[in-house]
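Residue strings, one per chain:
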Amino acid sequence: MPAPQRPAPLKDLGHVPWPAFKDSTGSAAAIPSLLTTVARGDADTAGSALDQLRRRICQYGFVVDQATAATVPFLWELVRLPQVTCRVEILRLLKSIADARQWETTAAAYPKLLRHPDNHVAWERAARRAVRAQRGVLRRLLDEPDTEIVRASKELAAALTD
């Protein structure tokens, strides 16, 4: 009897209106392709795609954009897949998103930002909520044999305790 097939990774990518969202480059239309490459690529290809994705959704490691919150559930999906070659880097990206407070901090000094048509503060908060929403995944990752995954999971868990 053949083994049951797992659902294809990222099957829900098409349910997100990516072109309607903004990332650091403008339209977020390229995000599904980058996520798919992270899911299926060899180590070099997946790493390169994740670097591009990071620049689009968490530029400089602390500036999130509108598309970030929509991307986070797919990052959580990828980090659960043992065949994904850059899981540690995905965990670090999730931590960067969870730590992001650039817009919120700036808006505290310049409240007019809260009235800007592109509500960066709301995008930042939504991205952090998206990371927190699936923090239960970390329990399973803490049992992984890969010590780097365990370390990155602990770092992310610590960031989510505040």
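The following refers to the structure shown.

1. Re the pattern of salt bridges
It is possible for side chains bearing opposite charge to pair when their charged atoms get close.
Item 1. Under the definition given, this model contains eight salt bridges.
Item 2. With its nearest N and O atoms 2.6 Å apart, the salt bridge here joins Lys95 to Asp99. With a gap of four residues between them, Lys95 and Asp99 both fall in helix 4 (residues 87–99), about one helical turn apart.
Item 3. Judged by relative accessible area, Asp99 falls into the partly exposed class, the value being 37%.
Item 4. Within this structure, Arg92, Glu148 and Arg151 form a network of salt bridges that share partners.

2. Looking at unusual backbone geometry
Item 1. In the Ramachandran plot, Leu10 falls in the positive-phi region, its phi being about 65° despite a non-glycine side chain.
Item 2. Residue position: Leu10 is located in the segment before strand 1 (22–23).
Item 3. Residue classification places Leu10 among the buried positions, given a relative accessible area of 6%.
Item 4. For Tyr60, which is not glycine, the phi torsion reads 65° and is therefore positive.
Item 5. In this structure, Tyr60 sits in the loop between strand 3 (58–59) and strand 4 (63–64).
Item 6. Classification of Tyr60 by relative accessible area gives exposed; the value is 63%.

3. Notes on the state of the cysteines
Item 1. In total, this model carries zero disulfides according to the counting rule given.
Item 2. Among the cysteines around Cys86, which has no disulfide bond, Cys58 carries the closest sulfur, lying 15 Å off.

The rules we used
- Residues numbered from 1 in each chain as written.
- Predicted model: local features only at pLDDT ≥ 70, side-chain atom pairs only at ≥ 80, totals over all residues.
- Heavy atoms only, no water.
- Salt bridge = Lys/Arg side-chain N within 4 Å of Asp/Glu carboxyl O.
- Helix = DSSP H or I, 4+ residues; strand = E, 2+ residues; numbered from the N terminus.
- Buried < 20%, exposed > 50% of the residue type's maximum accessible area, 1.4 Å probe, protein only.
- Disulfide = S-S within 2.5 Å.

Everything listed is a geometric property; what it means functionally is a separate question.
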